[in-house]
Amino acid sequence: MAALEMLSAKLPVADGGTEWSRVSEGKWMRRLIPELREWIDKEHGEINYFLAQFITGHGCFTHYLNQFEIRETDGCWYCRRRDDAEHTFFECDKWREQRMRVEKELERAITPDNVIRIMLDNDKNWGLVEGWIVGVIKRKERDERAG
Ligand SMILES: [Zn+2]
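Residues numbered from 1 in each chain as written. Predicted model: local features only at pLDDT ≥ 70, side-chain atom pairs only at ≥ 80, totals over all residues.

Caption draft 1: Local environment of the overall build of the protein. From N to C terminus, the protein includes nine helices and zero strands. From first element to last, N terminus to C terminus, the protein shows the α and β order α-α-α-α-α-α-α-α-α. For the protein, buried positions account for 29% of its 147 residues. (Helix = DSSP H or I, 4+ residues; strand = E, 2+ residues; numbered from the N terminus. Buried ≥ 20, exposed ≤ 12 C-beta atoms within 10 Å, placed from the backbone.)

Caption draft 2: How the structure looks around helix H4 (residues 49–56). Among the eight residues of H4, seven are classified as buried, and the element is accordingly described as predominantly covered. Those residues of H4 lying buried are Phe50, Leu51, Ala52, Gln53, Phe54, Ile55 and Thr56.

Caption draft 3: The environment of Tyr78, seen in detail. With respect to the element layout, Tyr78 can be found in the loop between helix H5 (62–66) and helix H6 (85–91). Looking at Tyr78, the number of C-beta atoms within 10 Å reads 16, which means it is partly exposed. Through-space distance from the C-alpha of Tyr78 to that of Cys92 is 8.1 Å; in sequence the pair is 14 residues apart. Tyr78 has contacts with Cys92 and Lys94, leaving out every residue within four places of it along the chain. (Contact = placed C-beta atoms within 7 Å.)

Caption draft 4: Here's a closer look at the environment of Arg101. Structurally, the position occupied by Arg101 is in helix H7 (residues 96–106). In this structure Arg101 comes out as partly exposed when scored by C-beta crowding, with 14 C-beta atoms within 10 Å. Put simply, Arg101 and Leu128 are 27 residues apart on the chain and 9.9 Å apart in space, counted from C-alpha to C-alpha.

Caption draft 5: The arrangement of the nonpolar core in detail. Leu32, Leu51, Phe54 and Ile133 are the most contacted members of the largest nonpolar core, which totals 26 residues. Going through the elements one at a time, helix H2 (26–32), H4, H6, helix H8 (115–121) and helix H9 (123–146) are the ones with two or more residues in this core. If sequence neighbours within four positions are ignored, Ile133 has contacts with Phe50, Leu51 and Phe54. (Core = buried A, V, L, I, M, F, W, Y, C linked by C-beta atoms within 7 Å.)

Caption draft 6: Fine view of the packing of H7 against H9. Orientation of H7 relative to H9, taken along the N-to-C sense of each, is 175°, at an axis distance of 10 Å. Regarding the angle of H7 to H9, the classification is roughly antiparallel. Residue-level contacts link Gln98, Arg99, Val102, Glu105 and Leu106 of H7 to Asn125, Leu128, Val129, Trp132, Gly135 and Val136 of H9. Taken together, the residues of the contact of H7 with H9 sort by class into six nonpolar, three polar and two charged. (Axes fitted to C-alpha atoms, helices over the stretch in contact; angles between N-to-C directions. Parallel < 35°, antiparallel > 145°, perpendicular 65-115°, else oblique. Nonpolar A, V, L, I, M, F, W, Y, C, P; charged D, E, K, R; others polar.)

Caption draft 7: Spatial organisation of the confidence of the model for the protein. For the protein, the mean per-residue pLDDT works out to 83, and 82% of the residues sit at or above 70. Per-element averaging of pLDDT across the protein places helix H1 (residues 2–10) at the bottom with 50 and H7 at the top with 97. Under a pLDDT of 50 for its full length, residues 12–19 has, in the predicted model, nine contacts with residues more than four places off or in other chains. (pLDDT = per-residue confidence, 0-100.)

Caption draft 8: Spotlight on the packing of H4 against H9. Following both chains from N to C, one finds H4 and H9 inclined at 90°, their axes separated by 9 Å at the closest point. With respect to their mutual orientation, H4 and H9 come out roughly perpendicular. Residues Phe50, Leu51, Gln53 and Phe54 of H4 pack against Glu130, Ile133, Val134 and Ile137 of H9. Split into classes, the residues belonging to the contact of H4 with H9 amount to six nonpolar, one polar and one charged.

Caption draft 9: Up close: the environment of Gly147. Tracing the backbone through its elements, the reader meets Gly147 in the segment after H9. Gly147 sits 70 residues away from Trp77 along the chain, and the two C-alpha atoms are 9.6 Å apart.

Caption draft 10: Here's a closer look at unusual backbone geometry. One non-glycine residue, Arg80, lies in positive phi territory at about 75°. With respect to the secondary-structure elements, Arg80 resides in the loop between H5 and H6. Here Arg80 falls in the exposed class, since 11 other C-beta atoms lie within 10 Å of it. Not every positive phi belongs to a glycine, and Glu107 is a case in point at roughly 60°. Topologically, Glu107 is positioned in the loop between H7 and H8. Taking the C-beta count within 10 Å as the criterion, Glu107 has 6 such neighbours and is therefore assigned exposed.

Here is the structure:
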């Protein structure tokens, strides 16, 4: 499974999983997953292609694509601000409605600092958050193809 391999290549689990700083986009991942052991030991939830994009910040985000000159700027396609995983999921007005919908179902606000903890709480939460992430990335990828 390509997404899993992609993610595990970026997870420094071999050294005990305490060292995030060597990882590119490590700051984002460290913020999402401060307790790596808890993440590794999780009993539910699979990482798919979409979740891997969210967690690594490597994916359909202009700032990331721009590093490979796939895009000419790192500005968001919708609002022109710098676009990375945090921008897309937590800042951009374009996707605010989707986030508010999942927050309503979860009955709490989600932030980069609590979203993984919420997912790990139970299977239902995992599914809700995953659905949100998949939905946003699919629409973004569709918009990108449409140009
Ligand atoms: Zn934006």
